[in-house]
Amino acid sequence: MADNNINGEEKLIAVARQIAKSLGHSNSMTDDIFNIFSTFDGRFSRDKLSPLSDNMLPENHPKSVDKPSSAVATLEECLTSLEAQISHSLSSDRPLWFDPTDSSAFLEVLDELIATIRDFAPLARDNKALAVTLDRADELLQSAIFKLEEEFRGLIQRGADSFDLTRESSDSDSEDGGGYGGDDGGGEIPVAHPVTDFNIVIDALPASTINDLHEIARRMVLVEYGRECSHVYSACRREFLEESLSRLGLQKLSTDEVQKLPWPELEDEIERWCKSAVFSLRILFPSERRLCDRIFFGFPSTSDFAFMEVCRGSAIQLLNFADAVAISSRSPERLFKVLDVYETLRDLIPEFEILFSDQYCVFLRNEAVAIWKRVGEAIRGIFMELENLIRRDPAKNPVPGGGLHPITRYVMNYIRAACKSQQTLEQVFEEERERGMSGMSSLSVQMAWIMELLESNLEAKSKTYKDAALSSLFMMNNGRYIVQKVKDSELGLLLGEDWIRKHSVKVRQFQMNYQRNTWNKVVGVLKVDNGGGSNANGGQNSRPLKERFKMFNAYFEEILKIQSSWVVFDDQLREDLKMSVIQNLLPAYRIFIGRFQNSAEAGRNPEKHIKYSVEDVEAQINNGLFRGNSNGGRR
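Residues numbered from 1 in each chain as written. Predicted model: local features only at pLDDT ≥ 70, side-chain atom pairs only at ≥ 80, totals over all residues. Heavy atoms only, no water.

Per an unreviewed UniProt entry, the protein chain goes by the name Exocyst subunit Exo70 family protein and belongs to Chenopodium quinoa. Here is the UniProt Sequence similarities (unreviewed entry) comment for the protein chain, exactly as written: "Belongs to the EXO70 family." Listed under Function (unreviewed entry) in UniProt, the entry text for the protein chain is "Component of the exocyst complex." (UniProt positions renumbered as here; feature names shortened; annotations may be inferred.)

Here it is in structure tokens:
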């Protein structure tokens, strides 16, 4: 009866030890479980539960101090059994993870081998024979680990091949691996299509596969093969990411290749890059982060290293392209696409900071911030090039008819379009405050400076006109265009009401200058001489009225002939200008005609000396002036 009790207790302790061994994922966890058992029942003492407890060991166990050779024999016997089982698994002609029974059996044997090495290792320090035998155990473990690497690689490859890149994950997929087919080699493998929808989440591998990979990774890390496991993992997943970027249409281009691309092609490439960067940072990389954390759960350092190895190449490819754009030509036409790159990077910096915050990836985060700033420098450089373009625009060839100059139209439409990205440009120019205009933002300062350069350039161009009236008309046209473009856009808010008022006054001044240089001479002929002579008019108004009629007709006809080809592009400005001329000229002409009709010079038939009636003069002004291209390049 006593023997039966002892036998039953041994079985109970063996079951407890097996439970602890199954639940404990590390030595410390197993020890904790032993301690918990010992608190419930005195039969489960710590000494009895220990796998190498002296009172549970056979007579020839290696812990028997007086029989060291027995430990070697025990280890040899144990290794012979384990080696036979492991060799059987290694000789299989198909992956072990095709059959859950095979994979479970292999992991069970591997766990036993790991536990054996762990338990005998302390004894081998003082026992050379045991140490030699333990070396054999290490070699067997290494062979088993190589098999695990092979199985690990196969699981990832088969799992990835079975998933469509554009497939949307669902809760059921995440839990039970739904939609996964291909572990058994049967069925058609789905083909990944070009990505058009960016609002998806990628479950890169089936849940069942992820669980299997975790079990393999856990054992490899525990026996200090974590770095090798990371290398295998990253080699497989890196290819998946590179293929994903390729399917997004992004080419692998060196810096030189980017800089040599014709601008239309680079525009297209930038558009593809923006989409690829967003997709990578918000979908691809987070999916990889999630996958790493699940496979290497419990081993954060290994997970971080594996994630870095997977994503580094693709992340550097994205960043290098943005950097190549930043150091490429700074032609003004490139501004808007470079702004796209800047805004994309800016919006993705939070993702970079979250994804690449660990010790292995921090250099990627820092590089992303540095390149983003370099793209900002490129934008400031583009505006400097715009300034140089304005300065260098030649003043040799005046615009016919004093119309709108192409540089005016180009610059105003350019900066109006740029100001649609006002928030971004404010950010870009935030540090550009050296011009120090109080009360104005850095972007306002930049825009005011460009307007000043444009105005100076136009003033230089106006001096190429030999006719002072035409020079004033040219400045009036271009000034009016500038003010209108500022008033009906974001530029008005940037430059302010004072700027608009100031330049509106300038336009009116140019209008007055035109009228003075053109029509004052005509009006001067018509003025009545109250003093018998006038130096101001060169004695013209002291001449006979008939002669002064001839002079008026000659001046008037000459103006109509010359100014019929002049341009006033703005309809309202053209009508206002004509009305101003009429209001200034007609009253004087009407008075002059009345005086002539009442003078002795008129004779009996004064009408024969009057070539133009008041109505004729008004009609000639309305129909004869500014008949050049009325559009004047207004767009």
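From this point, the discussion proceeds with the structure in view.
This brings us to the packing of aromatic side chains. A complete count under the given rule lists 21 aromatic pairs for this structure. Between the aromatic rings of Y342 and W372, the centroid separation amounts to 5.7 Å while the plane-to-plane angle is 40 degrees, which identifies the pairing as tilted. Of this pair, Y342 sits in helix α13 (residues 335-355) while W372 sits in helix α14 (residues 362-392); the two residues are 30 residues apart in sequence, bridging distant segments of the chain. Overall, Y342 belongs to the buried group, its relative accessible area being 4%. Taking 5.7 Å as the distance between ring centres and 50 degrees as the angle between the ring planes, the aromatic pair formed by F352 and F356 counts as tilted. Exposure remark for F356: the relative accessible area of 0% places this residue in the buried category. Taken together, the ring pairs in this structure connect W519, F549, F552, F556, Y589, F592, F596 and Y612 into an aromatic cluster. Sitting over the ring of F307, R289 keeps its end group 4.6 Å from the ring centre. A cation over an aromatic ring shows up here: K521 above the ring of Y555, its NZ or CZ 4.6 Å from the ring centre. (Phe/Tyr/Trp six-rings, centres within 6.5 Å; stacked < 30°, edge-to-face > 60°. Helix = DSSP H or I, 4+ residues; strand = E, 2+ residues; numbered from the N terminus. Buried < 20%, exposed > 50% of the residue type's maximum accessible area, 1.4 Å probe, protein only. Lys NZ or Arg CZ within 6 Å of the ring centre and 35° of its normal.)

So, about the pattern of salt bridges. If the charged atoms of two oppositely charged side chains come close together, the side chains can form a pair. For the structure on display, the rule yields 30 salt bridges. Where R272 meets E269, a salt bridge forms, and the shortest distance between an N and an O atom there is 2.6 Å. In this pair, R272 and E269 are both assigned in helix α11 (residues 263-295), 3 residues apart and thus about one turn of the helix distant. Looking at R272, the relative accessible area reads 30%, which means it is partly exposed. (Salt bridge = Lys/Arg side-chain N within 4 Å of Asp/Glu carboxyl O.)

Time to look at the packing of helix α20 (residues 497-526) against helix α21 (residues 545-563). The geometry of α20 relative to α21 is characterised by a closest axis approach of 8 Å and an angle of 160 degrees between their N-to-C directions. Of the possible angle classes, the one that applies to α20 and α21 is roughly antiparallel. For α20 against α21, the interelement crossing comes out left-handed. Contact with α20, carried on its side by Y514, T518, W519, K521, V522, V525 and L526, involves R548, M551, F552, Y555, F556, I559 and Q563 of α21 and no other residues of that element. Of the residues assigned to the contact of α20 with α21, the class counts are 10 nonpolar, 2 polar and 2 charged. (Axes fitted to C-alpha atoms, helices over the stretch in contact; angles between N-to-C directions. Parallel < 35°, antiparallel > 145°, perpendicular 65-115°, else oblique. Left-handed = near helix turned anticlockwise from the far one by under 90°. Contact = heavy atoms within 4.5 Å. Nonpolar A, V, L, I, M, F, W, Y, C, P; charged D, E, K, R; others polar.)

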